[in-house]
Amino acid sequence: MKKYIYFLFLMTAISILTMSNRKGRATTVGLGSTGAPGDDNTVCQSCHNGPTDIEVKIFVLDQADTITKYEANKTYQIHVRVNHAGGNVPKAHGFQMTLLKAIKGQNGENLKEIAPISQNVKLVTIRNGRLYAEQTDRSATNLFEVQWKAPLPGSGPITIYAGGTGVNSNDSDSGDGGSKASLQLDEALSSSADNTGINKVSIFPNPFVDKFYIQGNLEDVKELEIMNLFGSSVGYFKLYESNRTIDLSNLNDGIYFAKFINHQNKILKTQKLIKKTQRP
């Protein structure tokens, strides 16, 4: 009888532990699993390593534009997308994210000026004082959105670390998939040149229905590449003064990214695009 009670207690405890991670590891076990220096060595794919391939993408947005450098004291949106990359299609998703004031791969001060935007995100501070954004529960959507206020001038590079899972919702980690990603943002140096050239090139309207127009000086721009959310190219367009209108009527509604490329085939700027067909 005692052995049966012990076995029942053990199985119940295991069940609670496996189910509890649906609320996030910082919430349930007080650990960070983003792959950031100073986090627990266990990252999402250490447990969620079933026949589901997951890819984590991090985007930092200044209104409609993605950025690779931040301006001090400015507020941005961070989007973490947990994409299905192969294998079984997940039924739900989870994530965890933290920010460090350091170059990628080095430990540093934890940046805490963040706030949830989407309803599937909450903030949790663990015992060592590090702050994480993670899922409120299993999320049907694979997109998690957070607002971030950049640090003071002179803070230098910051790195965003995120882990993500795609789960089959069977209350265990069998058959699930996980991955992680990191993104370093350098601090933009203030200069009068920052407000000229490519930074004045923009897309109008955005959102658009079928076509949009390129505004601004195209002197340094050779072509435009359109990417989907999975990082695949869906179109190239040569740009010059007499060719500023881009027709994307062949694409489905959704979110895309436009890359402005110079004559040396370097990316000058990336801007978020939203294709949205008008409906009555």
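What you see is a predicted model; the values in this text were computed from it and never measured. (Residues numbered from 1 in each chain as written. Predicted model: local features only at pLDDT ≥ 70, side-chain atom pairs only at ≥ 80, totals over all residues. Heavy atoms only, no water.)

1. Quick look at the pattern of salt bridges
Scanning all chains against the criterion turns up 11 salt bridges. A salt bridge links D62 to K74; its shortest N-O distance comes to 2.7 Å. With D62 in strand β1 (residues 52-62) and K74 in the loop between β3 (69-70) and β4 (75-87), this residue pair connects regions lying 12 residues apart in the sequence. Note on K74: relative accessible area 26%, which makes it partly exposed. For E71, the salt bridge is made with K74, and the minimal N-O distance between the two is 3.9 Å. Residue classification places E71 among the partly exposed positions, given a relative accessible area of 42%. Here the residues in one salt-bridge network are D62, E71 and K74, joined through shared partners. (Salt bridge = Lys/Arg side-chain N within 4 Å of Asp/Glu carboxyl O. Helix = DSSP H or I, 4+ residues; strand = E, 2+ residues; numbered from the N terminus. Buried < 20%, exposed > 50% of the residue type's maximum accessible area, 1.4 Å probe, protein only.)

2. So, the nonpolar core
Looking at soluble globular proteins, one finds that nonpolar side chains tend to be buried together. Within the largest apolar cluster, 27 residues are counted, with the highest numbers of intra-cluster contacts made by I78, M97, L99, W148 and I160. Only β1, β4, β5 (92-101), β9 (131-135), β10 (143-149), β11 (158-167) and β12 (177-187) provide two or more residues apiece to this core. Beyond its immediate chain neighbours, meaning those up to four positions away, W148 contacts Y70, K74, T75, Y76, I78, L99, L111, E113, I114, I158 and L185. Within the second largest apolar cluster, 17 residues are counted, among which are F208, V221, L239 and I246. (Core = buried A, V, L, I, M, F, W, Y, C linked by side-chain atoms within 4.5 Å. Contact = heavy atoms within 4.5 Å.)

3. Digging into the pairing of strand β15 (residues 223-227)
Every regular strand shows the same layout, with side chains that alternate between the two sheet faces. Counting buried positions over the 5 residues of β15 gives 5, a clear majority of the element. Note: β15 against strand β16 (residues 233-238), 5 bridges, orientation antiparallel. Its bridge partner lying in β16, L224 is registered against F237. The hairpin formed by β15 and β16 contains 5 residues between the paired strands, and G231 there has a positive phi angle of roughly 85 degrees. (Pairing = 2+ DSSP bridges.)

4. Overview of unusual backbone geometry
Negative phi is the rule for most residues except glycine; trans is the rule for most peptide bonds. Here the bond from F204 into P205 is cis, since omega is -10 degrees, no more than 30 degrees from zero. Mapping P205 onto the fold places it in the loop between β13 (202-204) and β14 (211-215). That bond from N206 to P207 is cis: its omega, 15 degrees, falls within 30 degrees of zero. Here P207 lies in the loop between β13 and β14. Non-glycine residue Q63 carries a positive phi angle of around 60 degrees. Here Q63 is to be found in the loop between β1 and β2 (65-66). You will see that N73, though not glycine, has its phi angle at about 65 degrees, which is positive.

5. Remarks on the pairing of β14
Residues F212 and I214 of β14 are buried on one face, while the alternating residues K211, Y213 and Q215, pointing to the opposite face, are not. Pairing of β13 with β14, which is carried by 3 bridges, proceeds in the antiparallel orientation. Within β14, the residue paired with I203 across the bridge is I214. In textbook terms, the turn of a hairpin is the stretch between consecutive antiparallel strands, and for β13 and β14 this stretch comprises 6 residues. Two elements, β14 and strand β17 (residues 245-247), share 3 bridges in a ladder whose sense is antiparallel. Residue pairing in the sheet places Y213 in a bridge with T245 of β17.

6. Quick notes on the sheet that holds β1
The 9 strands are arranged β7-β10-β4-β1-β2-β19-β18-β15-β16 in an open sheet whose pairing can be described as antiparallel. The open sheet is flanked by β7 (114-116) and β16, the only strands paired with a single partner.

7. Points about empty space enclosed by the protein
Under the counting rule described, the total for this entry stands at 2 cavities of 30 Å³ or more. By volume, the largest cavity amounts to about 50 Å³. Every residue lining the largest cavity is listed: F59, L61, H79, R81, L143, L229, I255, F257 and K272. Where the lining of the largest cavity is concerned, the elements lending two or more residues are β1, β4 and β18 (254-261). Classifying every residue of the lining of the largest cavity gives 6 nonpolar, 1 polar and 2 charged. (1 Å grid on protein atoms, 1.4 Å probe; cavity = no way out; pocket = protein on both sides within 12 Å on 5 of 7 lines; lining within 4 Å. Points joined across faces, edges and corners; volume = space filled by probe spheres on them. Nonpolar A, V, L, I, M, F, W, Y, C, P; charged D, E, K, R; others polar.)

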